[in-house]
Amino acid sequence: MPEAVENKPAENVKTVMQVKGLARYFDVSPPLLNRILERLPKQILKAVDGIDFEITKGETFSLVGESGCGKSTVARLIVGLYRPSAGSIEFEGRDISGLSRAEMAPMRRRLQMIFQDPYASLNPRWRVRDIVAEPLRAFGLETTSSGIERRVGELLSYVKLAAADGEKYPHEFSGGQRQRISIARALASKPDFLVCDEPTSALDVSVQAQILNLMKDLQREFGLTYLFISHNLAVVSHVSDRVGVMYLGRLVEVAPASTLFRAPRHPYTRMLLDTIPDLSMSGRDRMPVSGEVPNPITPPSGCTFHPRCPFANDRCKREIPLPIETPHGSRVTCHGVEEGRVPEGPVIPNR
Amino acid sequence: MVEVPATQSRGPSASEPGLHSAPDPGARATGLWSRLRDSDVLYSFSRSPITITAAIVTALFILCAIFAPVVAPHNPFDMATIDLMDSSMPPAWMEGGDSRFLLGTDDQGRGILSTIIFGSRISLLIGFASVVLATVLGVGLGLLSGFVGGVVDAFIMRVAEIQLSFPVILTALLIDGVLRGVLQVEKSGELAYWILILSIGISNWVQFARTVRGSTMVERSKEYVQAAQVIGIRSSMIVLRHILPNVMGPVLVIATIQLAVAVLSEATLSFLGVGMPPTEPSLGTLIQIGNDYLFSGEWWMVIFPGSALAILVLAVNLLGDWLRDALNPRLR
């Protein structure tokens, strides 16, 4: 356990995950032959285009945005399913983006993931006990069959399932139960960091709350740190400590959850929040969601949000904005906010 | 695989899984899921008289093939029991027939019934072996193609398409000829088995590969594969332990149908004279021999082996069709 010694200073700093300039490009060109015959250019999709954020120990950091903004790509980059095209991912001070298989192995144990679709994330041919035991066997955490059995029972009890459920197959469970099995599998290797890729988006609203509360309980019990990916703002406001808003592969605003939801600064964030209905019927003026997300293969110049932004001017079309810190503790990437063109905006009443 | 539903009696197992599923913790031996599934399949089996008949016929053929030395009245390969004086006898119920030879005898005095029983043994053996070869080859290449993708996939699939553009029997003939040329064996050599198995097996892998490639591509994009990747499971293990069990369903169906095709291919090759030699006749060889005597009036030499082949292939095909429908969730 040499890492345990190295971890000490990292714990003082409290930043477990530091992402710098992270980018991932996909080559979505047509096949070579078509490209030559039809004289088509190479096409590069910038799914994630240089984002920075840091996550401190024990907090829940959420990434929100519309479909196709690159949230899930970030999740897959962090757990090593994709290799970054640029940038670094530092886990407890160590860059894990370029690690080889063997070097990555001890990191994998500590970095686990919960998937979006509970119907696709469990192998239908495997018994639940084998699904949950897979990380135990892969990392050699338990070697005896009695040890595995005991640990699987323990893990299932963490997620409020019975040890006897291990004998069953995934199809015998409901969506919420399956997602709990998925969580049990993710917890099996005693990770410190969980990437949750829309863990509740495939579930009924009533079940969503159960899963979210379970995840909060587990976070408290095991001192977990979450990277939470969602497009559901209500869910995000429920679970998050800090929130990053993504638009077309870039982060437009990062702020503590309370600040972001009560005093959003970036025009895009405000547009997103205005889509949440409120019960108090405040009757305040809302900015309607206008336009569509542009094609990420040919993103707009400058600030990629400018075609949809009511405050955009020529500078927004030319220059890519840089993040600026605001007095409220948020980080906003907007020329308008920097210049004071964008009004402070109404403070949204606490819902 | 084929005889399983026939040998398991339908009565008890159909009602069993539902009743016993609830309380017992450890006693659920092998797969409630597969048992439930089997009971579904079993139900559709019991509802189809044609399938039951086909299963019984197939089972009879397989049993006869396995226990040929016990079942057959004579051993047609045992030279000592063959008497040339018995040659070209008509079936027992006809004038000049002999009760020792129910279906008559061939030109060398071998009982047609015995040669059919021993012949279907050879036909089924070659059929099964070549389907196993085609399955292993096709499933392996299909998994590789579907999982790795890219250039590997393109290469394997182009080879498959080229092979598909030739009739299967032509490919088999080609491989058969090449093997015989390379190995320099006499036609009667005991390598005839292996040459047939190889040539039929290699000419039938494409079906398996294309099907498995398709389902592999679907499975590999599912999140349980990514979950295994996050844990750090090696790709080879992911393919074998996660993907393979999920793509085997259609393979079973194709294998059953391909068994009929393989038996038929073997018969065709033997009929064309490049298969089993007359000393170890398969059904195809028997038909070839009988064909020479058809116009001299000794019709039983070709009609009985021909009917046996037709019935066997039809039964296996019907079973395959039923299996395809029974395992297809959209047709349930």
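### Focus: the overall build of chain A
Across its full length, chain A carries 13 helices and twelve strands. Taking 20 Å as the expected radius of gyration for a compact globule of 351 residues, we find that chain A reaches 22 Å, a close match to that expectation. When its C-alpha atoms are laid out on the principal axes, chain A stretches across 70 × 60 × 45 Å.

### Overview of the overall build of chain B
In terms of helices and strands, chain B carries 14 helices and zero strands. Taken from N to C terminus, the helices and strands of chain B fall in the order α-α-α-α-α-α-α-α-α-α-α-α-α-α. Residue burial in chain B is summarised as follows: out of 332 residues, 41% are buried. Contacts in chain B between residues at least 24 apart in sequence constitute 69% of all its contacts with a sequence separation of at least 6.

### Section: the sheet that holds strand β3 (residues 60-64) of chain A
Residues and elements named next belong to chain A. Across the sheet, which stays open at both edges, the eight strands sit in the order β6-β7-β8-β3-β9-β10-β12-β11 with mixed pairing between neighbours. Looking at which strands have only one partner, the edges of the open sheet turn out to be β6 (111-114) and β11 (324-325). Pairing analysis gives five bridges linking strand β7 (residues 193-197) to strand β8 (residues 225-230), with the strands arranged parallel. The partner of leucine 194 across the bridge, within β8, is tyrosine 226. Packed onto the sheet, helix α7 (residues 175-187) meets β6 and β7 and runs at close to 175° relative to β6.

### Some remarks on unusual backbone geometry
Residue and element names in this part refer to chain A. With a phi close to 65°, lysine 160 is a non-glycine residue in the positive phi region. Locating lysine 160 in the fold gives a position in the loop between α6 (145-158) and α7. We classify lysine 160 as exposed; it has 12 C-beta atoms within 10 Å. At glutamate 198, a residue that is not glycine, the phi angle is positive and equals roughly 45°.

### Quick word on the interface of chain A and chain B
Taken together, the contact pairs 24 residues of chain A with 17 residues of chain B. Listing elements by their share of the side of chain A that touches chain B, those giving two or more residues are α4 (101-110), β6 and α5 (128-138) of chain A. Counted by class, the side of chain A that touches chain B contains 13 nonpolar, five polar and six charged residues.

### So, the pairing of β3 of chain A
All names here are of chain A. Along β3, five of the five residues are buried, which leaves the element largely enclosed by surrounding structure. Residues Thr60, Ser62 and Val64 of β3 are buried on one face, and the alternating residues Phe61 and Leu63, pointing to the opposite face, are buried as well. Where β3 lies against β8, five bridges are found, and the strand directions are parallel. Bridge assignment links leucine 63 to a residue of β8, and that residue is isoleucine 229.

### A word on the sheet that holds strand β1 (residues 15-27) of chain A
All names here are of chain A. Strand order in the open sheet formed by four strands is β2-β1-β4-β5, and the pairing between neighbours is antiparallel. Strands at the two margins of the open sheet, each flanked by one partner only, are β2 (44-56) and β5 (94-95). Sheet topology note: the strand β4 (residues 86-91)/β5 ladder contains two bridges and is antiparallel. Pairing of phenylalanine 91 across the sheet is with arginine 94, part of β5.

### So, the environment of alanine 202 of chain A
Residue and element names in this part refer to chain A. Residue placement: alanine 202 occurs in the loop between β7 and α8 (205-222). Among the residues examined, alanine 202 registers 19 C-beta atoms within 10 Å and is labelled partly exposed. On a C-alpha basis, the gap between alanine 202 and serine 145 in space is 34 Å, while along the polypeptide they are 57 residues apart. If sequence neighbours within four positions are ignored, alanine 202 has contacts with Gln116, Asp117, Pro118 and Gly175.

### Some details on the nonpolar core
One finds Val132, Ala184, Leu227 and Val245 of chain A together with Val263 of chain B to be the most contacted residues of the largest nonpolar core, which totals 156 residues. The element that contributes the greatest number of residues to this core is helix α12 (residues 235-271) of chain B, accounting for 16 residues. Beyond its immediate chain neighbours, meaning those up to four positions away, alanine 184 of chain A contacts Val132, Leu155, Leu156, Tyr158 and Val159 of chain A.

### Focus on the confidence of the model for chain B
Residues of chain B with pLDDT of at least 70 account for 83%, and the chain-wide mean is 79. Across chain B, the secondary-structure element scoring lowest on mean pLDDT is helix α2 (residues 10-20) of chain B, at 38, and the one scoring highest is helix α10 (residues 205-220) of chain B, at 93.

### Things to note about the packing of α12 of chain B against helix α14 (residues 300-327) of chain B
Residues and elements named next belong to chain B. Between α12 and α14, the least distance of the axes is 9 Å, while the angle of their chain directions is 165°. As far as their axial angle goes, α14 and α12 are roughly antiparallel. Here α12 and α14 pass one another in a crossing that is left-handed. Side by side, α12 and α14 meet where Gly249, Leu252, Val253, Thr256, Ile257, Leu259, Ala260, Val263, Leu264 and Ala267 of the first sit next to Leu309, Leu312, Val313, Val316, Asn317, Leu319, Gly320, Leu323, Arg324 and Leu327 of the second.

### With respect to the packing of α7 of chain A against α8 of chain A
Residues and elements named next belong to chain A. Viewed as axis vectors pointing N to C, α7 and α8 meet at an angle of 20°, and their least axial separation amounts to 10 Å. As judged from the angle between their axes, α7 and α8 are roughly parallel. Considering only the axes of α7 and α8, their crossing is right-handed. Judged by residue contacts, Gly175, Gly176, Gln179, Arg180 and Leu187 of α7 engage Val207, Gln210, Ile211, Leu214 and Leu218 from α8.

### Focus: the environment of serine 120 of chain B
Residue and element names in this part refer to chain B. Position of serine 120 among the secondary structure elements: in helix α6 (residues 112-148). A tally of 26 C-beta atoms within 10 Å means that serine 120 is categorised as buried. Separated by 35 residues in sequence, serine 120 and phenylalanine 155 have C-alpha atoms that sit 38 Å apart. Contacts of serine 120, omitting those with residues within four sequence positions, involve Phe61, Cys64, Ala65, Leu283, Ala308 and Leu312.

Thresholds applied
- Residues numbered from 1 in each chain as written.
- Chains lettered and ligands numbered in written order.
- Predicted model: local features only at pLDDT ≥ 70, side-chain atom pairs only at ≥ 80, totals over all residues.
- Helix = DSSP H or I, 4+ residues; strand = E, 2+ residues; numbered from the N terminus.
- Rg over C-alpha atoms; globule rule 2.2 N^0.38 Å.
- Buried ≥ 20, exposed ≤ 12 C-beta atoms within 10 Å, placed from the backbone.
- Contact = placed C-beta atoms within 7 Å.
- Pairing = 2+ DSSP bridges.
- Axes fitted to C-alpha atoms, helices over the stretch in contact; angles between N-to-C directions.
- Nonpolar A, V, L, I, M, F, W, Y, C, P; charged D, E, K, R; others polar.
- Core = buried A, V, L, I, M, F, W, Y, C linked by C-beta atoms within 7 Å.
- pLDDT = per-residue confidence, 0-100.
- Parallel < 35°, antiparallel > 145°, perpendicular 65-115°, else oblique.
- Left-handed = near helix turned anticlockwise from the far one by under 90°.

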